[in-house]
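Topology and contacts: notes
Chain by chain, the residues run as shown.
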Amino acid sequence: MEDKTMEKLIKTIQIDIAAPSGLKDKMFKEITQSKKDDMIHLSPFERFIFKNPLGTACTISIVISGTLWAIMGNGYSNILSSFVGKR
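Bear in mind that the values here come from a model prediction, so they are computed numbers and not experimental data. (Residues numbered from 1 in each chain as written. Predicted model: local features only at pLDDT ≥ 70, side-chain atom pairs only at ≥ 80, totals over all residues. Heavy atoms only, no water.)

1. What to know about the overall build of the chain
To be explicit about the condition: The helix count covers DSSP runs of H or I at least four residues long, the strand count covers runs of E at least two residues long, and both are numbered beginning at the N terminus. Exposed residues in this analysis have more than 50% of their type's maximum accessible area, buried residues have under 20%, and partly exposed residues fall in between, with area computed by a 1.4 Å probe over protein chains only.
From N to C terminus, the chain includes five helices and zero strands. For the chain, the α and β elements follow one another from N to C terminus as α-α-α-α-α. The buried share among the 87 residues of the chain stands at 3%.

Written out as structure tokens, the structure reads:
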């Protein structure tokens with residue numbers, strides 16, 4: 001290889017290349033849209049669990065609390081009071 005071509009090659013390697021304007025935004029939009037499309041394939045039950053875990057935990061705790069209260073009656077409130085420290 002000639003010295004001039006080698007010099008040109010080294011100069012092109014050392015130049016910083018900037019991405020065209022708007023390319024980063026376009027890529028970000030495409031990636032987020034593809035992630036949203038992946039969530040569409042979930043069933044409503046799976047979407048409720050994975051997209052809203054706090055709501056799932058609250059719903060489960062309310063159901064368990066209601067079930068225990070129905071089974072134990074007044075004894076359930078006594079158990080809760082003992083956890084808090086009141087008797």
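2. What about the confidence of the model for the chain?
Here is the rule: pLDDT measures the predictor's confidence residue by residue and takes values from 0 up to 100.
Here the chain shows a mean pLDDT of 79. Residues at 70 or above account for 85%. Of all secondary-structure elements in the chain, the lowest mean pLDDT belongs to helix H2 (residues 23-40), at 75, while helix H4 (residues 53-72) reaches the highest, 88.

3. Observations regarding the packing of H4 against helix H5 (residues 74-84)
The condition that has to hold: A fitted line through C-alpha atoms represents every axis, and for helices the fit uses only the stretch in contact; the resulting angles, taken between N-to-C directions, go from 0 to 180 degrees. Angle categories are assigned with fixed cut-offs, so that under 35 degrees is roughly parallel, over 145 is roughly antiparallel, 65 to 115 is roughly perpendicular, and the rest are oblique. Here, two residues are considered to be in contact whenever any of their heavy atoms come within 4.5 Å of each other. When residues are sorted by character, Ala, Val, Leu, Ile, Met, Phe, Trp, Tyr, Cys and Pro go into the nonpolar class, Asp, Glu, Lys and Arg into the charged class, and all the rest, Gly among them, into the polar class.
For the pair H4 and H5, the least separation of the axes is 5 Å and the interaxial angle reads 120°. It follows that H4 is oblique to H5 by the angle criterion. Facing H4, whose interface residues are Ser65, Leu68, Trp69 and Met72, H5 presents Asn74, Gly75, Tyr76, Ser77 and Ile79. Classifying every residue of the contact of H4 with H5 by side-chain character gives five nonpolar, four polar and no charged.

4. Re H4
To keep it simple, the criterion reads: What a helix should span is 1.5 Å times the count of its residues minus one.
Across its 20 residues, H4 extends 28 Å between first and last C-alpha, which sits within 8% of the 28 Å expected from 1.5 Å per residue. Where H4 terminates, the next one or two residues include glycine 73, which has phi positive at roughly 65°.

5. Observations concerning the packing of helix H3 (residues 44-51) against H4
In the contact formed by H3 and H4, the axes pass within 5 Å of each other and the chain directions differ by 105°. Accordingly, the angle class assigned to the pair H3 and H4 is roughly perpendicular. Only Pro53, Gly55, Thr56 and Thr59 of H4 make contact with H3, whose side of the interface consists of Phe48, Ile49, Phe50 and Lys51. In terms of residue class, the contact of H3 with H4 is built from four nonpolar, three polar and one charged.

6. Let's talk about the side chain of threonine 56
Basically, it comes down to this: Here a polar contact is recorded for every N or O atom pair within 3.5 Å, except that within protein the pair must consist of a potential hydrogen donor and a potential acceptor, and residues adjacent in sequence are included only if both atoms are side-chain atoms.
Counting through the fold element by element, threonine 56 comes out in helix H4. Polar contacts involving the side chain of threonine 56 include one to the main-chain carbonyl oxygen of asparagine 52, which spans 3.0 Å. If we ignore the near neighbours within four places in the chain, the residues touching threonine 56 are Phe48 and Ile49.

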